[in-house]
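Notes for the structure review
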Amino acid sequence: MNTPTKILLDERDMPTRWYNIVPDLPAPPPPPLHPATHQPAVADDFAALFPRALIEQEMSTARFIDIPGAVLDVYRLWRPSPLFRAHRLEKLLDTPARIYYKYEGVSPAGSHKPNTAVPQVWYNAQEGVRRLTTETGAGQWGSSLAFACAQFGLECEIWQVAASYRAKPYRRTMMELWGGKVYSSPSDRTAFGCELLAGNPDHPGSLGIAISEAVMEAAADPQARYTLGSVLNHVLLHQTIIGEEALLQLAKVGETPDVLVACTGGGSNFGGLAFPFLREKLAGRIHTVIRAVEPAACPSLTKGEYRYDFGDTAGVTPLMKMHTLGHRFIPEPIHAGGLRYHGMAPLVSHVYALGLVEALAIGQSECFARAVQFARSEGIVPAPEPTHAIAAAVREALACRESGESKVILTALCGHGHLDLAAYEKYLRGEMVDLDLPAATIAEAMRAVPVIE
Ligand SMILES: *Cc1c(COP(=O)(O)O)cnc(C)c1O
């Protein structure tokens, strides 16, 4: 079959609805709980942090939600994003498999994150919010939010994990270029940050700590709201435009995936690509094996426990039932900064617990080795996060070479790595190590997780 290299959708054929998987699941996902009372959280519990429209989406049981026209207008700057057939990688691997990748690096920030940053900022602006706070690790989310705030004229304040703040100055420049204010976290702007800095002035920070700081800051200002770039239901909802487009693009070339693999940190690009395909699978129209890929150094799905835990380190967020390594867990500084989160999206955790998707963990050396093969064949330099998806796709393609099967493999190339070249430099110099996560470290972190009766 002679598929073109690039499968494009016309702007006029861009999907105009996001897909909510909740009504199609065989069991409803467990609700979030109030952090103090442990009772199911109600809309008002979130009102200090999020605008009404996003709280409604978070709790929605509607199957489809219309994308506002103003959001579609911004999406059109880079959407529909291309779907590529990896002819050159297939040839390099000498595999009969057909590999497709949906490329989100064409967005202004260089990843899938603007797909949710734009609607989050727009809904906040509609409700009169002037100022948004957030956290960022490697800087992908912070830069996406700063870009979206620039589109709609909101102030944007970003707590960046201290280790990344020092190591990735260009991401910070990007956030500032779009008008964002960036603070190193832990910062001296919150009581929690001051406490941590007093204990260790060179504290490396973590996503959980930066979330605590951004949440506390937003909760203290009635004009401000908080935003999160992954994990929550409404974030995964916004990302489903990826999978909806991919379904249309594969239909154009008459293909159905046998295997879908995508990397997971908080779960948004995985859910975004996978959930529309899972809908088709639950309806019996396709039989795709769906697999989430996580880093061996932060394996919340494959090694964490499925139970209620906080989304942040200080324990101020509602409790969410999710696969977690414990909210006090601080992952090793692997290069895939976007995958260094202690928990997994409640929706992804739920579909995994239901047995609807599979999961595996891969070490970073294998990931970078495959990313170099990918860059040398397909040309694009992947962000460190999707190197996990590429490594899993290559494993599948090599299995096809052994078995002679010509499976169709679909994956998400959710960002480019132009600002992550220091990681590649380390790999090319032979200095990259695989960080093992001892069971005792996980057990220790799990002791801090609250016990819910
Ligand atoms: C943030 C990020 C991730 C991890 O977040 P998910 O919500 O799991 O997608 C993965 N890849 C890239 C490029 C990112 O920026």
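The residue numbers shown here count from 1 along each chain, following its written sequence. The model is predicted, so local features are restricted to residues of pLDDT at least 70 and side-chain atom pairs to those at 80 or more, both for listing and for counting; the totals for chains, interfaces and linings are taken over all residues. To get the side-chain values, take all heavy atoms of the structure and skip hydrogens and water.

Take the site of the ligand next. Note on terminology: near, applied to a residue and a molecule or strand, indicates that one of the residue's heavy atoms is within 4 Å of it. Around the ligand, the surrounding shell holds 15 residues, and the nearest of these are Lys 113, Ser 230, Gly 265, Gly 267 and Ser 268. By the criterion applied in these results, polar contacts are pairs of N or O atoms within 3.5 Å in which, for protein atoms, one can donate a hydrogen and the other can accept it, and in which residues neighboring in sequence qualify only through two side-chain atoms. Interatomic distance of 3.1 Å between a side-chain N/O atom of His 112 and an oxygen atom of the ligand. In this structure, an oxygen atom belonging to the ligand sits 2.7 Å away from a side-chain N or O atom of Ser 268. With residues, only the protein chains shown are counted as cover, and all accessible areas are computed by Shrake-Rupley using a 1.4 Å probe. Burial of the ligand by the protein chains amounts to 97% of its free accessible area of 380 Å². Buriedness for pockets is judged along seven lines, at least five of which must meet protein on both sides within 12 Å for an open set on the 1 Å grid over protein atoms alone, while cavities are sets there where a 1.4 Å probe fits but cannot get out, and lining residues have an atom within 4 Å of a point. By definition, a pocket or cavity contains a molecule when more than half of the molecule's atoms lie within 2 Å of the pocket's grid points. Judged by the fraction of its atoms near the pocket grid, the ligand is located in the largest cavity. Among the residues forming the shell around the ligand, the class breakdown is two nonpolar, eleven polar and two charged. The domain boundaries here were taken from an automatic or database domain assignment. Three or more residues apiece are contributed to the shell around the ligand by two domains, here domain 1 (6-14 + 72-110 + 234-446) and domain 2 (19-65 + 113-232). Residues are grouped as follows: Ala, Val, Leu, Ile, Met, Phe, Trp, Tyr, Cys and Pro are nonpolar; Asp, Glu, Lys and Arg are charged; every other residue, Gly included, is polar.

This paragraph deals with helix 15 (residues 387-403). The numbering of helices and of strands both runs from the N terminus, where a helix is a DSSP run of H or I of at least 4 residues and a strand a run of E of at least 2. Under the convention used throughout, the expected extent of a helix is 1.5 Å for every residue step, that is, one less than its residue count. Between its first and last C-alpha, helix 15 extends 24 Å over 17 residues, near the 24 Å set by a 1.5 Å rise per residue. The cut-offs for exposure are 20% and 50% of the maximum accessible area for each residue type, with area from a 1.4 Å probe on protein chains only; residues under the lower value are buried, those over the upper are exposed, and the others partly exposed. What helix 15 keeps buried is the set Thr 387, His 388, Ala 389, Ile 390, Ala 391, Ala 392, Ala 393, Val 394, Glu 396, Ala 397 and Cys 400. Among the residues trailing helix 15, Gly 404 stands out with phi positive, at a value near 80°.

Strand pairing follows a simple DSSP-based rule, namely that at least 2 bridges must link the two strands. If you trace the four strands from one edge of the open sheet to the other, you get 8-7-6-9, paired in parallel fashion. Of all the strands in the sheet, the pair left with one neighbour each is strand 8 (181-185) and strand 9 (224-226). On average, adjacent strands in this sheet sit at an angle of 25° to one another, irrespective of strand direction. The contact criterion used throughout is that any non-hydrogen atoms of two residues lie within 4.5 Å. What counts as an axis is a line fitted to C-alpha atoms, over the stretch in contact for a helix, and the angles between N-to-C directions run from 0 to 180 degrees. Across the sheet, helix 5 (residues 140-152) lies against strand 6 (131-136) and strand 7 (155-161), angled at about 160° from strand 6, the strand it touches most.

Two aromatic rings, drawn from Phe, Tyr or Trp (for Trp, its six-membered ring), form a pair once their centres lie within 6.5 Å of each other, and the interplanar angle then sorts them: stacked below 30 degrees, edge-to-face above 60, tilted otherwise. Per the stated rule, a full pass over the model turns up 13 aromatic pairs. Aromatic pair Phe 46 and Phe 50: ring centres 6.5 Å apart, planes at 40°, arrangement tilted. Under the relative-accessibility criterion, Phe 46 is labelled buried at 9%. Of the aromatic side chains, those joined through ring pairs into one cluster are Tyr 75, Trp 78, Phe 147 and Trp 178. Counted as over-ring charges are cases with an Arg CZ or a Lys NZ within 6 Å of the ring centre that also lie within 35 degrees of the ring normal. It is Arg 17 that lies over the ring of Phe 64; its NZ or CZ is 3.9 Å from the centre. The ring of Tyr 165 is capped by Arg 172, whose NZ or CZ atom sits 3.9 Å from the centre of that ring.

The subject of this paragraph is the domain arrangement of the chain. If you check the domain split of the chain, you get domain 1 (6-14 + 72-110 + 234-446) and domain 2 (19-65 + 113-232). In this structure, domain 1 and domain 2 have C-alpha centres spaced 21 Å apart. The interface is formed by 57 residues belonging to domain 1 together with 59 residues belonging to domain 2. Approximately 4,700 Å² of surface area, both sides summed, lies buried where domain 1 meets domain 2, with 68% of it carried by carbon and sulfur atoms. On the domain 1 side of the contact with domain 2, Ala 109, His 234 and Leu 419 bury the most area, a combined 15% of that side's loss. Only one rule defines a salt bridge in this text: a Lys or Arg side-chain nitrogen within 4 Å of an Asp or Glu carboxyl oxygen. Here domain 1 is connected to domain 2 by one salt bridge. A salt bridge links Lys 168 to Asp 420, with the nearest nitrogen and oxygen atoms 2.9 Å apart. At the boundary of domain 1 with domain 2, the tally comes to 20 residue pairs in polar contact (both at pLDDT 80 or more). For the side of domain 1 that touches domain 2, the secondary structure elements donating two or more residues are helix 2 (69-75), helix 10 (233-252), helix 11 (268-282), strand 12 (305-310), strand 13 (319-324) and helix 13 (346-353). When two parts are brought into contact, each loses some accessible area as probed by a 1.4 Å sphere; the total of that loss over both is the buried area.

To continue, consider the sheet that holds strand 11 (residues 289-295). Across a sheet, strands are paired by hydrogen bonds formed along the backbone, either parallel or antiparallel in direction. Read from one edge of the open sheet, seven strands run 1-4-5-15-10-11-14, paired in mixed fashion. A single partner strand is all that each edge strand has here, and the edge strands are strand 1 (6-7) and strand 14 (358-362). Relative to the sheet, helix 14 (residues 364-378) contacts strand 4 (83-85), strand 5 (98-103), strand 14 and strand 15 (408-413), its axis offset from that of strand 14 by approximately 95°.

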